Amino acid sequence: MHTRKRLVVAGHGMVGHRFVQAAIERGLTETHDIVVIGEEPRPAYDRVGLTSWFEVGSAELSLLPSGEYDDPRVRLILGTPVTAVDRDACTVTLAGGAVLDYDELVLATGAAPFVPPVPGTDLRNVFVYRTIEDLEAIAAAARTACSGAVIGGGLLGLEAANALRGLGLETHVVEMNPRLMSVQVDEAGGRVLGRHIEGLGITIHTDRATEAILGDGRCAGLRFRGVEEPLPVDLVVFSAGIRPRDGLARAAGLEVAERGGVLVDEQCRSSDPHVWAIGECAAPAGRMYGLVAPGYAMAEVVVDALLGGAGRFEGADMSTKLKLMGVDVASFGDAFGTTPDCLELVFNDAVAGVYKKLVISADGRRLLGGILVGDASAYGVLRPMVGAGIELPANPEELILPAASGNGPQLTLPADAQVCSCNNVTKGEIEAAVDAGCHSAAEVTEATRAGATCGSCKVQVKKIVEDHFAAQGRTVDRSLCEHFRLTRAELFDVVLVHGYRSFDEIVAAHGTGRGCDVCKPTVASILASQLSGHVLAEGRHTLQDTNDAYLGNLQKNGTYSVVPRIPGGEITPEGLIAIGEVAREFGLYTKITGGQRIDLLGARMEQLPAIWRRLVDAGFESGHAYGKSLRTVKSCVGSTWCRYGVQDSVGLAIELELRYRGLRSPHKLKGGVSGCARECAEARGKDFGIIATERGWNLYVGGNGGAVPAHARLLAGDLSTEELIRCLDRFLMYYIRTADRLQRTSAWLDAVEGGLDRVREIVVDDALGLGAELERAMARHIDSYVDEWRATVEDPEKLRRFVSFVNAPEVPDPNISFGVARGQIVPAVPDGPVLVSGAVIPVGGAR
Amino acid sequence: MTSAYTTVCALADIHVESGVAALVEGRAVAVFRTYAGDVFALSNYDPFSRASVLARGIVGTRTVEGRTVDVVASPMHKQAFDLRTGRCLDDPSVRVPTYDVVVADGMILVDARG
């Protein structure tokens, strides 16, 4: 008889979460029930990205948004610290007194910020920078503060300083050492970094030891050792390093390392064989690791050990690459050149603010480490070279000289070179994922996790994937179809540059043959975006898919749907009645859509003009439900009615829907506006989603539902309505110009070189100077908008095509018939073509 | 046997590279006009979707073994049919009926006896 064992995990931070994920994936839950006890009020979140909380909020950072694991054998208890471990009884005691038995205990209690023992740390407005609660408190205090100081000029301290600056405070950084980021960069690198940061208006005080925090009840300033004049500041954030949280282990009599941390062996087992420690609370071989990647590795090792494996934690790569306040900083391998007889190769451009140093073995053949400040683009190539045993090229200086000096040496990494250090993915594993059927870097990231944590290796992953395609002779063929050897974006530019007005001109100049169902609607969409005329003008209906050709959505039996626009989902009783009367009169099936409007189904093609004449007369217009175009902008009721609402979401949704109606795009476009953070409009499931804040609007982009759902990501925050519209005009036009056919915004953002960050630079910061042109293009669209259906019902020429049979317009297509379900019509599918007399012709070969 | 032909419409009633549906002896027939000016008639019935819609498909060309073939793509699920033979290029086991067409004095006549 088997009895299930119980595994208790103390701590639900990033590493505790990774442990549980690995335990589920590797089948440990087949034999063990897992209880995870988290001290914080919410499930694990991305602490590495903590600073982005100020922009995106808690939900975006969560690593477990659903709040529970998808495995019933894992239980998660939150908001409850573990207060004691009894190793004799094999129990843990929780705050509140509950006692849990364990067979195996995993300590993942993390680390705590180190606060030096100086007077004044108990004053108000003295903070640390570790949890979301810390950040909430800092944000609240900043509302009534003018200045702030961060004590500690390390990586996290500079992040905190950037946050204070973002909160509008005059910001100071106080560092004991003579330079910033002393763990990662050397003196010259620190100087370059310091200049960048001072350029942002942050004051740096190096060589300063804080002696006391001054103030009466509340922080008012800092006093430094040996300096007479205190530094007046209204709040202070300590970021002077971290200490392992090993208190539970100490109290339970477990061995701890000299400098703190639960002493564990190579399998992360403590001095008690049933107690394990992982992450920042652990000290394998007496050393603690303050990065997430080694913690993840320890989590995997313990899962392996519990499954009877022999995996070992053998130290970790402490390489770092990050972007701090817009400045690239990277440090890897033997960055400080401690290897005997090693050589240094330095490139230092003080004018451009770029510093690069390579540490090279005495024989000049191997790379040992390096430091990059201001431009870390070479990191992806350089870091895997360390330890991979690759011979340096004859001219290693090419590796760090600016790209203008040539193409740079070509390096080939060996298959076992680690590319993603967060998730320990090698080049060979990335190539294997391509061989196993991944078609893009994004799919490889999904399959292998390479690039999924800090993202610093994403460019490298993409390059390996593309090189591997090329090596196999597979090219990523992005031509539109056999008629055009161009991508949609290239075709868009060609049309723009030459001012073409017809498919005939375009295919004659740039294509072959007479087109197909792929290139013709694409050209029609591009012409619609640039010419802004009626989609059926100048014979262009022959280019359109049937949906656009007949301004309705083709249904399975050859009938069309009718969807009048209901901007923002707001409609009067008269409007509802008018739609109801039309549906009743024409015998249409009615259903409420997901986009807050009403779908009328079962209209025969020849009925469409009469139906629309009635709708246009009642004040409705085309809803473009048939087009690759703006569909709807969904809204919640907003501040007008809702007691939680902070902005008028309905008003904005209507404004945006009317602004962008009729806009043709590479794929359908949906929007949403929520009046508060409760997000009832599900705006982040849309291509563009807007969520009200106390100070304006947050704009999210790249969301969608469908088969591959995507959550929209923040493009810009706290915008005024005017700023929002400007951003959105540019974003949508840039997407329309550069996306591939049928590529929704989410896939487009993943495909753009540089991703969302690059699009933000172009759209928000106007890095390419395209902003005004994009806005003008959108203004042209808005100025020239006409309701396609009104223009159609008023034009006898356009109406001529809306007949069942060219030679018998009075005879309805006998192939269309209906049954009844739940009181409404439904399509009935005949067995073969139906003659007007009623006979059915059997068709051979049809399936 | 001119009596077997039914006049369906004027050539000018069909835009270049498009189709119309016509009723010929009780059958729904799709009549297409290509860029080169050829006129073809097929059954309007798409055997894949079992709906009478082929006349509403996009007319273009596809290269098959080096030859350029005039095709219509079903508006439902985009299978391409050879306008000359009715053969489906995406599934050669499927063919739709084709009908004889003549253009005389600017008018299109179709023989739908099959």
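Residues numbered from 1 in each chain as written. Chains lettered and ligands numbered in written order. Predicted model: local features only at pLDDT ≥ 70, side-chain atom pairs only at ≥ 80, totals over all residues. Heavy atoms only, no water.

Visitor: Break down the overall build of chain A for me, with residues and values.
Guide: Counting its regular elements, chain A contains 25 helices and 38 strands. A buried classification covers 53% of the 847 residues belonging to chain A. Counted over contacts in chain A with a minimum sequence separation of 6, partners at least 24 positions apart contribute 61%. Entry remark: accessible area of chain A is about 36600 Å², with carbon and sulfur atoms responsible for 50%. (Helix = DSSP H or I, 4+ residues; strand = E, 2+ residues; numbered from the N terminus. Buried < 20%, exposed > 50% of the residue type's maximum accessible area, 1.4 Å probe, protein only. Contact = heavy atoms within 4.5 Å. Areas by Shrake-Rupley, 256 points an atom, 1.4 Å probe, with all protein chains shown as cover.)

Visitor: Can you explain the interface of chain A and chain B? Please cite residues and give values.
Guide: Opposite the 47 residues of chain A that make contact, chain B presents 39 residues. Interface area for chain A against chain B, summed over the two sides, is near 3400 Å², with a carbon-plus-sulfur share of 54%. The tally of links from chain A across to chain B stands at four salt bridges. The partner of Arg800 of chain A in a salt bridge is Asp13 of chain B, and the shortest N-O contact between them spans 3.1 Å. The interface formed by chain A and chain B includes 14 residue pairs in polar contact (both at pLDDT 80 or more). For the side of chain A that touches chain B, the secondary structure elements donating two or more residues are helix 15 (519-531) and helix 16 (546-550) of chain A. For the side of chain A that touches chain B, the class distribution of residues is 20 nonpolar, 16 polar and eleven charged. (Buried area = accessible area lost by both parts, 1.4 Å probe. Salt bridge = Lys/Arg side-chain N within 4 Å of Asp/Glu carboxyl O. Polar contact = N/O pair within 3.5 Å; in protein donor to acceptor, adjacent residues only side chain to side chain. Nonpolar A, V, L, I, M, F, W, Y, C, P; charged D, E, K, R; others polar.)

Visitor: How would you explain the nonpolar core if you had to name every residue and give the values?
Guide: Residues and elements named next belong to chain A. Formed by 59 residues in total, the largest nonpolar core has its most connected members in Leu656, Tyr660, Phe688, Ile690 and Leu699. Element by element, the count of residues in this core is highest for helix 20 (residues 721-738), at ten residues. Beyond its immediate chain neighbours, meaning those up to four positions away, Ile690 contacts Leu652, Leu656, Gly672, Val673, Ser674, Ala683, Trp697, Asn698, Leu699, Leu724 and Leu728. One finds Ala22, Ala23, Val106 and Ala252 within the second-largest nonpolar core, a separate group that totals 54 residues. (Core = buried A, V, L, I, M, F, W, Y, C linked by side-chain atoms within 4.5 Å.)

Visitor: Requested: an account of the pairing of strand 21 (residues 320-324) of chain A, with residues and values cited.
Guide: Residues and elements named next belong to chain A. Alternating positions in strand 21 separate cleanly, Thr320, Leu322 and Leu324 being buried on one face and Lys321 and Lys323 remaining unburied on the opposite face. Bridge analysis of strand 21 against strand 22 (residues 327-333) gives five bridges, and the strand direction is antiparallel. Bridge pairing in strand 22 links Leu324 to Val327. In this structure, the hairpin formed by strand 21 and strand 22 is closed by a connection of two residues, where Met325 is found at a positive phi of approximately 50°. (Pairing = 2+ DSSP bridges.)

Visitor: Can you lay out the packing of aromatic side chains for me, pointing to particular residues and giving the numbers?
Guide: All names here are of chain A. Using the criterion set out here, one finds 13 aromatic pairs over all chains in the structure. Between the aromatic rings of Phe332 and Tyr379, the centroid separation amounts to 5.8 Å while the plane-to-plane angle is 75°, which identifies the pairing as edge-to-face. Residue Phe332 is found in strand 22, and its partner Tyr379 is found in helix 9 (residues 379-385); the two are separated by 47 residues along the sequence. Owing to a relative accessible area of 1%, Phe332 belongs among the buried residues under this scheme. A relative accessible area of 4% places Tyr379 in the buried class. Aromatic side chains Tyr550 and Phe802 sit 5.4 Å apart centroid to centroid with 85° between the ring planes, which places their arrangement in the edge-to-face category. (Phe/Tyr/Trp six-rings, centres within 6.5 Å; stacked < 30°, edge-to-face > 60°.)

Visitor: Quick rundown of the pattern of salt bridges? Include the residues and the values.
Guide: Residues and elements named next belong to chain A. All chains considered together, the criterion is met by 47 salt bridges over all chains. A salt bridge links Glu657 to Arg565; the nearest nitrogen and oxygen atoms lie 2.7 Å apart. Here Glu657, found in helix 19 (residues 649-660), pairs with Arg565, found in the loop between strand 29 (560-562) and helix 17 (573-586); they are 92 residues apart in sequence, far enough to count as distant. In this structure Arg565 comes out as buried when scored by relative accessible area, which is 3%. Between Glu794 and Arg790 there is a salt bridge; the shortest N-O distance is 3.4 Å. Given the relative accessible area of 39%, Arg790 is considered partly exposed.

Visitor: How would you summarise unusual backbone geometry if you had to cite specific residues and measurements?
Guide: All names here are of chain A. The backbone phi angle of Cys90 is positive, close to 55°, even though this residue is not glycine. Tracing the chain through its elements places Cys90 in the loop between strand 4 (82-86) and strand 5 (91-94). Since its relative accessible area comes to 24%, Cys90 is described here as partly exposed. For Cys268, which is not glycine, the phi dihedral falls at a positive 70°.

Visitor: Can you lay out the sheet that holds strand 11 (residues 170-174) of chain A for me, pointing to particular residues and giving the numbers?
Guide: Residues and elements named next belong to chain A. Here we have five strands laid out as an open sheet, ordered 9-16-10-11-12, and parallel in their pairing. What marks the edges here is a single partner per strand, and that holds for strand 9 (126-128) and strand 12 (203-205). Averaged over all pairs of adjacent strands, the angle between their axes in this sheet comes to 20°, without regard to strand direction. Pairing analysis gives four bridges linking strand 10 (residues 147-151) to strand 16 (residues 235-238), with the strands arranged parallel. Within strand 16, the residue paired with Ile151 across the bridge is Phe238. Seen against the sheet, helix 5 (residues 155-166) touches strand 10, strand 11 and strand 16 and runs at an angle of roughly 175° to strand 10. (Axes fitted to C-alpha atoms, helices over the stretch in contact; angles between N-to-C directions.)

Visitor: Tell me about the pairing of strand 4 of chain A, residues and numbers included.
Guide: Residue and element names in this part refer to chain A. When strand 4 meets strand 5, the two strands line up antiparallel, connected through four bridges. When the sheet's bridge partners are listed, Val85 is paired in strand 5 with Val92. Hairpin connection from strand 4 to strand 5: four residues lie between these consecutive antiparallel strands, with Cys90 at a positive phi of about 55°.

Visitor: How would you sum up the environment of Arg84 of chain B? Please name residues and give values.
Guide: In this fold, Arg84 of chain B is placed in the loop between strand 9 (80-82) and strand 10 (98-104). Once residues within four sequence positions are removed from consideration, Arg84 of chain B is found in contact with Asp38, Phe40, Asp70 and Thr98 of chain B.

Visitor: Please give an account of the packing of helix 10 (residues 427-435) of chain A against helix 12 (residues 458-471) of chain A that cites residues and values.
Guide: All names here are of chain A. Remark: helix 10 packs on helix 12, axes separated minimally by 10 Å, with the N-to-C direction vectors making an angle of 55°. For the element pair helix 10 / helix 12, the angle class is oblique. As helix 10 runs across helix 12, the sense of the crossing is right-handed. Seen from helix 10, the contacting residues are Lys427, Ile430, Glu431, Val434 and Asp435; seen from helix 12, they are Val461, Ile464, Val465, His468 and Phe469. (Parallel < 35°, antiparallel > 145°, perpendicular 65-115°, else oblique. Left-handed = near helix turned anticlockwise from the far one by under 90°.)

Visitor: So, the packing of helix 20 of chain A against helix 23 (residues 771-784) of chain A: which residues are in play, and what are the values?
Guide: All names here are of chain A. The geometry of helix 20 relative to helix 23 is characterised by a closest axis approach of 8 Å and an angle of 85° between their N-to-C directions. Compared by their axis directions, helix 20 and helix 23 come out roughly perpendicular. Mapping the contact onto sequence places Arg726, Asp729, Arg730, Leu732, Met733, Tyr734 and Arg737 in helix 20 and Gly771, Glu773, Leu774, Glu775, Ala777 and Met778 in helix 23. Residues that form the contact of helix 20 with helix 23 fall into these classes: six nonpolar, one polar and six charged.

Visitor: Would you mind going over the state of the cysteines in detail, with residue names and values included?
Guide: All names here are of chain A. A full pass over the atoms with the stated rule returns zero disulfides over all chains. Left without a disulfide partner, Cys481 is nearest to the cysteine sulfur of Cys519, which lies 3.7 Å away. Judged by relative accessible area, which is 13%, Cys481 ranks as buried. (Disulfide = S-S within 2.5 Å.)

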